[in-house]
Amino acid sequence: MKFLLVCATLCLINSLCMADSKKDIDMTKQKENIKCATLDIQVTFIGHASLMIENNGKVYHIDPWSEMGDYLKFPKADIILVTHEHFDHYDKKLINKISKDSTKIVTTATVAEDFGKNANMTVLSNGESTTVDGLKVEAVPAYNIQHTRDGKNPFHPKGRGNGYILTIDGLRVYIAGDTENVPELKELKNIDVAFLPFNLPYTMDKAMFEDLAKSIKAKYLYPYHTMGMDQKTIESINVPDSAVRIRKFEKD
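Everything numeric here is computed off the predicted structure, so don't read it as measured data.

Draft legend 1. Up close: the sheet that holds strand β2 (residues 40-47). Strand order in the open sheet formed by seven strands is β1-β2-β3-β4-β5-β6-β7, with mixed pairing between adjacent strands. The open sheet has two edge strands with one neighbour each: β1 (31-35) and β7 (121-123). Averaged over all neighbouring strand pairs, the angle between strand axes comes to 20°, with direction disregarded. Where strand β4 (residues 58-62) and strand β5 (residues 77-81) come together, three bridges link them in parallel fashion. When the sheet's bridge partners are listed, I62 is paired in β5 with L81.

Draft legend 2. Up close: unusual backbone geometry. In this structure, P201 follows L200 across a cis peptide bond, with omega equal to 5°. With phi around 50°, N56 is a residue other than glycine that occupies positive phi space. Judged by its relative accessible area of 63%, N56 falls in the exposed class. One non-glycine residue, D169, lies in positive phi territory at about 50°. Here D169 is to be found in the loop between β10 (161-168) and β11 (171-175).

Draft legend 3. Seen up close, the pairing of strand β3 (residues 50-55). In terms of residue burial, β3 counts as a mostly covered element, since six of its six residues are buried. The two faces of β3 match: S50, M52 and E54 on one face and L51, I53 and N55 on the other face are all buried. Pairing between β2 and β3: five bridges, direction antiparallel. Each bridged residue has a counterpart across the sheet, and for Q42 the counterpart in β3 is E54. Two successive antiparallel strands, β2 and β3, enclose a turn made up of two residues, where H48 displays a positive phi of approximately 55°. Inspection of the sheet shows β3 paired to β4 by five bridges, in the antiparallel sense. Bridge assignment links E54 to a residue of β4, and that residue is V59.

Draft legend 4. Main features of helix α4 (residues 206-216). When α4 is considered as a whole, its buried residues turn out to be M208, F209, E210, L212, A213 and I216. Those residues of α4 hidden inside the fold are in contact with β11, β12 (193-197) and β13 (220-224). Its side-chain oxygen at 3.2 Å from the backbone nitrogen of A207, D205 defines the N-terminal cap of α4.

Draft legend 5. A look at the sheet that holds β12. Spatial ordering of the open sheet is given by β8-β9-β10-β11-β12-β13-β14, a layout of seven strands whose pairing is mixed. Both outer strands of the open sheet, β8 (129-132) and β14 (243-244), are each paired with one neighbouring strand and no more. Inspection of the sheet shows β13 paired to β14 by two bridges, in the parallel sense. From the neighbouring strand, Y220 faces β14, where its bridge partner is A243. Running at roughly 160° to β12, α4 makes contact with β11, β12 and β13 of the sheet.

Criteria and cut-off values
- Residues numbered from 1 in each chain as written.
- Predicted model: local features only at pLDDT ≥ 70, side-chain atom pairs only at ≥ 80, totals over all residues.
- Heavy atoms only, no water.
- Pairing = 2+ DSSP bridges.
- Helix = DSSP H or I, 4+ residues; strand = E, 2+ residues; numbered from the N terminus.
- Axes fitted to C-alpha atoms, helices over the stretch in contact; angles between N-to-C directions.
- Buried < 20%, exposed > 50% of the residue type's maximum accessible area, 1.4 Å probe, protein only.
- Contact = heavy atoms within 4.5 Å.
- Polar contact = N/O pair within 3.5 Å; in protein donor to acceptor, adjacent residues only side chain to side chain.

Encoded structure:
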């Protein structure tokens, strides 16, 4: 009897520990409502650079990556946006799993070439825009100048990757992808919500992040793509003109 009691106690402790593990986080708690003109949008912070935005029955997945969450918990996509071809942003198998016959994909030429022919795919270059099922999508630059692989080649060359500005029910949402505080981005105007990357060596350090954020002046500012960064450093971000919101991405 004593042995059975000990076993039962250990099982209970184990179940409690598992419930607290990152794999079992209740992703409904990772949602946040952001006000639009007539409706709220719901942003789910899945992990790293992976986001899901819901609005008026539509579901937009941005840079879905299977390592960041259990996508069986999420609705399939009406639109998928992929910023560039790196593995932590472009997961071809997952894109196929979360797609419906009607799912539209917006991405870069490099991703499109790898993905193969798809009648529902739109390719955008920096500076181009399109409207997909009522969603306006603008592609903006996303690249490195200072951070390089070997002192010569930038982690993200100019013109290869996109950031996206989405206009959702009048709300302008900027999802930067992998970039530094490059000159073109400092000219962005009327951004309501900005997701800016903050980690090294691939994107921005704190000074770069704050410099770009102060130029954009988004009403709400979310550091994302923060894997490997110290939480205290993230929390020390200071951008007076924006409401900085620190969210714990599931697997950061």
